[in-house]
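# Understanding the architecture of this molecule
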Amino acid sequence: YNNINNISWLEDWFLSIHNKKTAVRIPVRGDKKDLALMAYKNAYESFRIFSEKRNTETIALKNLAKLLNLEVLPEIIEAYDISNLSGKDTVASMTVFIKGKADKSKYRKFTLKGDVKQNDTGALKEVLSRRLKRIDEKDFADKPDLILVDGGINQVNAVKEALREKNMDIPVSGMVKDDNHRTRGLIYEGAEYSLRKYPDVFKQIAVIQEETHRFAIEFNRKKRAKKIYESELDEIPGIGDKRKNILMKHFGSLREIKGAGLRQLLNVKGINEKTARTVHEFFHGKDK
């Protein structure tokens, strides 16, 4: 790092970023030189680790393409999972992995409609149909090179049916688990592919499957929690959607609303004295 020929360029670059003149100096001895050398070594090591990780992810994607005989390297992968509790409160998650890395800004959540709530395959078809209608919208990721679904041949076929109805051709693979609910292999074009020979692919698929499942479960829990608090607040006379939202925004949770004293309720902007007393009496009973 002693031979920097573009110091003036660096100073101009720092000026453009911070809007403040910066002088670049190269220490040649003493503590400052030791500090500069340590910074250089740290930066080099960070770059080496980053490069190795990026190369590992690229190799995993190449091996995945080789395993499934894909024509295009799956740099953009969308993964889907369905979550419900005894057939109720069914939701779906969509995660996006670009070049092996999760892009959480492109994640999407779906609430299921109609009579598909107790049918995972019907739910998947509905979700994919809704997603494919917006295939060119900037709010979503670019068109995926590969679609992964949590499940087997039935789930894969449901997605393929949605693709056929939209006259689209995107490879679809199912992520299957063993009896211990761990990633086992991939279903593609009617056959199951073991991941034993490709530990890097196994690791990548396991990460995608677990993340997609986590995202679906998290959304499902939030939906159920919201439903619980809404149903309980609905039982209070005179509390409509507007006042429910005011209370939830102010206190943050049903638990806090339940524990609030009368004075705290009276201090909520948008809640009058009558409503405050009604809420307090509902959870605590009338003052004697």
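Residues numbered from 1 in each chain as written. Predicted model: local features only at pLDDT ≥ 70, side-chain atom pairs only at ≥ 80, totals over all residues. Heavy atoms only, no water.

Right, let's get into the packing of aromatic side chains. Enumeration over the complete set of coordinates arrives at 4 aromatic pairs. Aromatic side chains Trp13 and Phe14 sit 5.3 Å apart centroid to centroid with 50° between the ring planes, which places their arrangement in the tilted category. Overall, Trp13 belongs to the partly exposed group, its relative accessible area being 40%. With a centroid separation of 5.0 Å and an interplanar angle of 85°, the aromatic rings of Phe282 and Phe283 are classed as edge-to-face. Note on Phe282: relative accessible area 32%, which makes it partly exposed. Here the aromatic residues Trp9, Trp13 and Phe14 are joined through ring pairs into a cluster of three or more. Residue placement shows Arg108 over the ring face of Phe140; its charged tip is 5.2 Å from the ring centre. (Phe/Tyr/Trp six-rings, centres within 6.5 Å; stacked < 30°, edge-to-face > 60°. Buried < 20%, exposed > 50% of the residue type's maximum accessible area, 1.4 Å probe, protein only. Lys NZ or Arg CZ within 6 Å of the ring centre and 35° of its normal.)

We now examine the side chain of Gln209. With respect to the element layout, Gln209 can be found in helix H5 (residues 199-234). Of the residues examined, Gln209 reaches a relative accessible area of 2% and is grouped as buried. A distance of 3.1 Å separates the side chain of Gln209 from the backbone oxygen of Met175, its partner in a polar contact. (Helix = DSSP H or I, 4+ residues; strand = E, 2+ residues; numbered from the N terminus. Polar contact = N/O pair within 3.5 Å; in protein donor to acceptor, adjacent residues only side chain to side chain.)

This brings us to the confidence of the model for the protein chain. In low-pLDDT segments, the atomic positions of the prediction should not be examined closely. Per-residue confidence for the protein chain averages 85 on the pLDDT scale, and 89% of its residues sit at or above 70. When mean pLDDT is compared element by element in the protein chain, strand S5 (residues 146-150) scores highest at 96, while helix H2 (residues 30-68) scores lowest at 81. (pLDDT = per-residue confidence, 0-100.)

The sheet contact formed by strand S7 (residues 183-188) and strand S8 (residues 191-194) spans 4 bridges and is antiparallel. Note on S8: the bridge partner recorded for Tyr188 is Ala191. A loop of 2 residues connects S7 with S8, the two strands running antiparallel in sequence, and Glu189 in this loop sits at a positive phi of about 50°. (Pairing = 2+ DSSP bridges.)

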